Amino acid sequence: MTGQIAVFNPLGVAVASDTVTTIVSTERRKKTVNNAQKIFPLSKPHLIVVIESGSALSNGIHTQLLINEWSRTLENAMPTVKEYAQSFAEWYSNTSDLIPKESDWDEVNWQLNDHYHRIKRRIKDDLTDATTQEEAIASTKFHAQAALESLEQFELFEGATDEDDATLLTELNIDLIEKINAIFQGISGLDEARETLIKCGQLALSRFHSTTADSDLGFIGFGQKDFFATSVVMHCRARYGNVARVKIEDALGTSASDQAGSIETFAQDNAINGFLKGSQSEVMESAYGYIWSELTDEVDAGDEAKLNSVRELIDGLRKHIDKFQYDEFVSPMLDTIGSLSLIDLASLARSLVGMQAIRSAASPEPATVGGFIESLVIDRASGIRWVHRLPQITTD
């Protein structure tokens, strides 16, 4: 994982990132390395940096190489930041020399295997409570259908269709029935759920849903027509079937109508958000859970009136606390950010990423945020300027 942030005010934007990264190989082996650059400035005349988090590889190619090769095709500055993200997606779909053709087979198989194994885990967890064969079959059918209905609610990747990806499976000689039989071997109800699982496989390729193999790219800075800095997030899975499987979010940043600052976090941000709001979300959720337990412990499960009354109380408490946090902590912080110099924006951004790194180091799990913290600032007058940069790549 990663800790990254963009802090905006009317003068420009400061960007900071840690330098610990996890590389997932084409065989899906994970390796965590330090001192990995994650902020990639484009050259003049472009006032844009690209940051990357999540998987460091797409189609077996390092994300940094993809960004570098795309940037070499750029000429004049584009009107908006979002158009840079769209340009990358178009280039990723159309470039043929860099992306190995055989990576289609690898990426499609990984997506299918990942999706089917997640369904299988849900079924196996549920089967521990099944006491009859009929209950086991019903559980398999339920989880297969639930997965299909969930996929049907997701958006199609731009340029992708369910039908084209069904055809792609045939072109790649991937037999869904064979794969399903192998993964779900020994699961009761497979015969009844097989057709539903086949439909799931096709939609798992064409519909946007997060997976552990995804990369997130943040395009941050100014387009030619942007007077205020913005950022656009692109969720990037891979390219297969000659379509880049990406989802581009709406732009965020500052505007002429609001002189306060704004903050956008990327990847891990629980410590940062806890600081900004005055309390950690885990603490608040624990408190809400405790209140629910205390007020419903002796309430009959069929007493909907009483249960709804408790829900309304907790919902009201959530809204009250959310408003209090915004009024007392978030809003004053954003007002202060709006008046900071760019160098102070960079210091703040770097401190917030450092806070996330400390939280990660204190976790019982392996630290996934840390290392040297890079930072830079961007404004229309002076362009992109590094404030803190990895020593080994600093040039004279």
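Keep in mind that what you see is a predicted model, and the values were worked out from it rather than measured. (Residues numbered from 1 in each chain as written. Predicted model: local features only at pLDDT ≥ 70, side-chain atom pairs only at ≥ 80, totals over all residues. Heavy atoms only, no water.)

A. Inspection of unusual backbone geometry at higher detail. Geometrically, the link from Lys44 to Pro45 is a cis peptide bond, its omega value of 15° lying close to zero. With respect to the secondary-structure elements, Pro45 resides in the loop between strand S5 (39-41) and strand S6 (47-54). Even without being a glycine, Asn242 presents a positive backbone phi close to 60°. Tracing the chain through its elements places Asn242 in the loop between strand S10 (230-240) and strand S11 (243-248). Even without glycine at this site, Ala267 takes up a positive phi of about 65°. Mapped onto the secondary structure, Ala267 falls in strand S13 (residues 262-267). (Helix = DSSP H or I, 4+ residues; strand = E, 2+ residues; numbered from the N terminus.)

B. Inspection of the sheet that holds S13 at higher detail. Reading across from one edge, S13-S1-S2-S14-S15 is the order of the five strands in this open sheet, with antiparallel pairing throughout. Of all the strands in the sheet, the pair left with one neighbour each is S13 and strand S15 (383-388). Within the sheet, the average angular offset between the axes of one strand and its neighbour, ignoring direction, is 15°. Where strand S14 (residues 374-379) lies against S15, five bridges are found, and the strand directions are antiparallel. From the neighbouring strand, Asp379 faces S15, where its bridge partner is Gly383. (Pairing = 2+ DSSP bridges. Axes fitted to C-alpha atoms, helices over the stretch in contact; angles between N-to-C directions.)

C. Structural detail: helix H5 (residues 162-171). Within the sequence span of H5, burial applies to Asp162, Asp165, Leu168 and Leu169. With its buried residues spanning 115° around the axis, H5 presents them on a single face. Residues of H5 that are exposed and point more than 90 degrees away from the buried face comprise Glu163, Thr170 and Glu171. Lining the buried residues of H5 we find helix H3 (103-127), helix H6 (176-183), helix H7 (190-206), S10 and S11. A positive backbone phi angle near 60° is found at Asn173, which sits one or two residues after H5. (Buried < 20%, exposed > 50% of the residue type's maximum accessible area, 1.4 Å probe, protein only. Arc of directions from axis to C-beta. Contact = heavy atoms within 4.5 Å.)

D. Expanded view of the pattern of salt bridges. In the structure shown here, the tally under the stated rule is 15 salt bridges. Note that Asp250 and Lys82 form a salt bridge whose closest N and O atoms lie 3.4 Å from each other. Placement of the pair is Asp250 in the loop between S11 and strand S12 (252-253) and Lys82 in helix H2 (residues 81-94), with a sequence separation of 168 residues. Looking at Asp250, the relative accessible area reads 59%, which means it is exposed. Residue Lys82 is classed as partly exposed on the basis of its relative accessible area of 27%. Between Asp165 and Arg245 there is a salt bridge, with its nearest N and O atoms 2.8 Å apart. One end of the pair, Asp165, is in helix H5; the other, Arg245, is in strand S11, with 80 residues separating them in the sequence. Given the relative accessible area of 2%, Asp165 is considered buried. The exposure class assigned to Arg245 is buried, which follows from its relative accessible area of 1%. (Salt bridge = Lys/Arg side-chain N within 4 Å of Asp/Glu carboxyl O.)

E. Main features of the packing of aromatic side chains. Summed over the entire model, instances satisfying the criterion amount to eight aromatic pairs. Taken together, a centroid distance of 6.2 Å and an interplanar angle of 55° make the contact between Phe88 and Phe219 tilted. Of this pair, Phe88 sits in helix H2 while Phe219 sits in strand S9 (residues 215-222), and the two are 131 residues apart along the sequence. Between the aromatic rings of Tyr116 and Phe184, the centroid separation amounts to 5.9 Å while the plane-to-plane angle is 80°, which identifies the pairing as edge-to-face. With a gap of 68 residues between them, Tyr116 in helix H3 and Phe184 in the loop between H6 and H7 connect regions that are remote in the sequence. Grouping aromatic residues by their ring pairs yields a cluster made of Trp70, Phe88, Trp91, Tyr92 and Phe219. Stacked on the ring of Phe372, the Lys or Arg Arg350 has its end atom at 5.3 Å from the ring centre. (Phe/Tyr/Trp six-rings, centres within 6.5 Å; stacked < 30°, edge-to-face > 60°. Lys NZ or Arg CZ within 6 Å of the ring centre and 35° of its normal.)

F. Representation of the packing of H3 against H6. H6 packs onto H3 with a crossing angle of 40° between their chain directions and a minimal axis gap of 10 Å. Taken together, the axis directions place H3 and H6 in an arrangement best described as oblique. Relative to H6, the crossing made by H3 is right-handed. Where H3 abuts H6, its residues Asn109, Leu112, Asn113, Tyr116, His117 and Lys120 lie against Leu176, Lys179, Ile180 and Ile183. Of the residues in the contact of H3 with H6, the class split is five nonpolar, three polar and two charged. (Parallel < 35°, antiparallel > 145°, perpendicular 65-115°, else oblique. Left-handed = near helix turned anticlockwise from the far one by under 90°. Nonpolar A, V, L, I, M, F, W, Y, C, P; charged D, E, K, R; others polar.)

G. Focus on the nonpolar core. Grouped together as the largest cluster of nonpolar side chains are 53 residues, with contacts concentrated most on Trp70, Phe88, Tyr116, Phe184 and Phe219. Counting residues per element, this core draws most heavily on H7, at eight residues. The residues touching Phe88, leaving out its near neighbours within four places in the chain, are Leu66, Ile67, Trp70, Leu217, Phe219 and Met234. Counting residues in each nonpolar core, the second largest holds 19 residues, with Ile5, Val330, Ala349 and Leu352 among its members. (Core = buried A, V, L, I, M, F, W, Y, C linked by side-chain atoms within 4.5 Å.)

These figures come from the coordinates and say nothing about function on their own.
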